[in-house]
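# Tertiary structure, described
Below are the chains, spelled out letter by letter.
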Amino acid sequence: MSEPARPDVPQQSEHEPERRPDQAPARGVRALTGEEFSAAQAIGGVRGLVEAVLPGLVFVVAFVVFTPNLVIPLVASVVAALVLVVARLVQRTPVTQALGGLLGIAIGVVWAWTSGEAENYYAGGLLVNAAYLVVLLGSILIRRPAVGYVVEALRAGLTPERVKAEAEAGTSPFAAITAWRDDPAKMRTYAIATWLWVGLFGLRLAVKTPLYFAGDIAWLGTFHLLLGVPLWALVLYLTWYVVRRPAQPRA
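Residues numbered from 1 in each chain as written. Predicted model: local features only at pLDDT ≥ 70, side-chain atom pairs only at ≥ 80, totals over all residues. Heavy atoms only, no water.

## Focus on the overall build of the chain
Helix and strand content of the chain: 10 helices and zero strands. Walking the chain from its N terminus toward its C terminus, one meets helices and strands in the order α-α-α-α-α-α-α-α-α-α. Per-residue burial over the chain gives 36% buried out of 251 residues. When contacts within the chain are restricted to residue pairs at least 6 apart in sequence, those whose partners lie at least 24 apart make up 68%. Total accessible area on the chain is roughly 14600 Å²; 67% of this is exposed by carbon and sulfur atoms. (Helix = DSSP H or I, 4+ residues; strand = E, 2+ residues; numbered from the N terminus. Buried < 20%, exposed > 50% of the residue type's maximum accessible area, 1.4 Å probe, protein only. Contact = heavy atoms within 4.5 Å. Areas by Shrake-Rupley, 256 points an atom, 1.4 Å probe, with all protein chains shown as cover.)

Structure representation (structure tokens):
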């Protein structure tokens, strides 16, 4: 049951379009609530693809060329990630995605450098994928599919400011993202969508873990790229297709 709108807590009607026709499709997981889906826009366009792929690609190529020297590929991947961050700073564009990539690269580099094993460049990513797999699978088993919370939070426009305003008004700020659990149809929809992400992380682990323990850096790096952004974009699209709302007839 929805509450009357208050001036200090902006709300959106259930029948209001997610975006105006002149707005571009959203990026990342925000694309799940759009009326349309653009894979290119979801990954941040060509630039977003380059930022996600370049440091890892540089590492693999440098490792193959300069084996068994581990220093050169590690330094080269860090330099590539730093260049991407600096380019955004110079152009005064948001650096969140580039900084996130730099952090991930830094963790892999430190791990590989301290251990002296090139495969540990990918160890952090494997652990992150395993953690996501456990959380998502657990959410399905307890009948609280995680994708449902993400999608409903995005649709409700849940932000820290809104949570604070709702709490100060004496109402639950999370009511909008939990009501769907009483709807069997939505439960099935979000369970299917969550299984898609379980499949993504499961596939990554199934393919890359044996290569990690075998120390096959060339193939490990190759599948790291192939099962990265391309597979993520595909699963994001399939999730959007499953959870999208029926199009509203135009006036």
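## Some details on the side chain of T33
Within the secondary structure layout, T33 lies in the segment before α1 (39–42). Note on T33: relative accessible area 13%, which makes it buried.

## Considerations on helix α2 (residues 45–66)
End to end, α2 covers 32 Å across 22 residues, agreeing with the expected 32 Å (1.5 Å per residue, within 8%). Of all the bends found along α2, the most pronounced is centred on V53 and spans about 35°, while P55, a proline, follows it within four residues. (Expected span 1.5 Å × (residues − 1). Bend = angle between axes of the 7 residues up to and from the residue.)

## Considerations on the layout of surface pockets
Approximately 1500 Å³ is the volume attributed to the largest pocket. Around the largest pocket sit 40 residues that line it, and A52, G100, G101, R204 and V229 are the ones nearest its centre. Where the lining of the largest pocket is concerned, the elements lending two or more residues are α2, α4 (96–115), α5 (123–141), α8 (184–214), α9 (217–226) and α10 (229–243). Its residues placed into classes, the lining of the largest pocket shows 19 nonpolar, 15 polar and six charged. (1 Å grid on protein atoms, 1.4 Å probe; cavity = no way out; pocket = protein on both sides within 12 Å on 5 of 7 lines; lining within 4 Å. Points joined across faces, edges and corners; volume = space filled by probe spheres on them. Nonpolar A, V, L, I, M, F, W, Y, C, P; charged D, E, K, R; others polar.)

## Topic: the pattern of salt bridges
Tallied over the full model, the rule gives four salt bridges. E152 is paired through a salt bridge with R155; the nearest N and O atoms lie 3.8 Å apart. In this pair, E152 and R155 are both assigned in helix α6 (residues 146–155), three residues apart and thus about one turn of the helix distant. Take E152: its relative accessible area is 7%, and that puts it in the buried class. Take R155: its relative accessible area is 10%, and that puts it in the buried class. In the salt-bridge network here, residues are joined through shared partners; they are R47, E51 and R88. (Salt bridge = Lys/Arg side-chain N within 4 Å of Asp/Glu carboxyl O.)

## Topic: empty space enclosed by the protein
The method is simple in principle: a probe with the dimensions of a water molecule rolls over the atoms, and the space it marks as empty is what remains. Within this structure, the stated rule accounts for one cavity of 30 Å³ or more. Of the volumes computed, that of the largest cavity is approximately 30 Å³. Secondary structure elements with two or more residues in the lining of the largest cavity: α2, α3 (71–91) and α4. With four residues, α4 is the largest single contributor of residues to the lining of the largest cavity. Among the residues forming the lining of the largest cavity, the class breakdown is five nonpolar, two polar and one charged.

Just distances and angles here, no functional claims.
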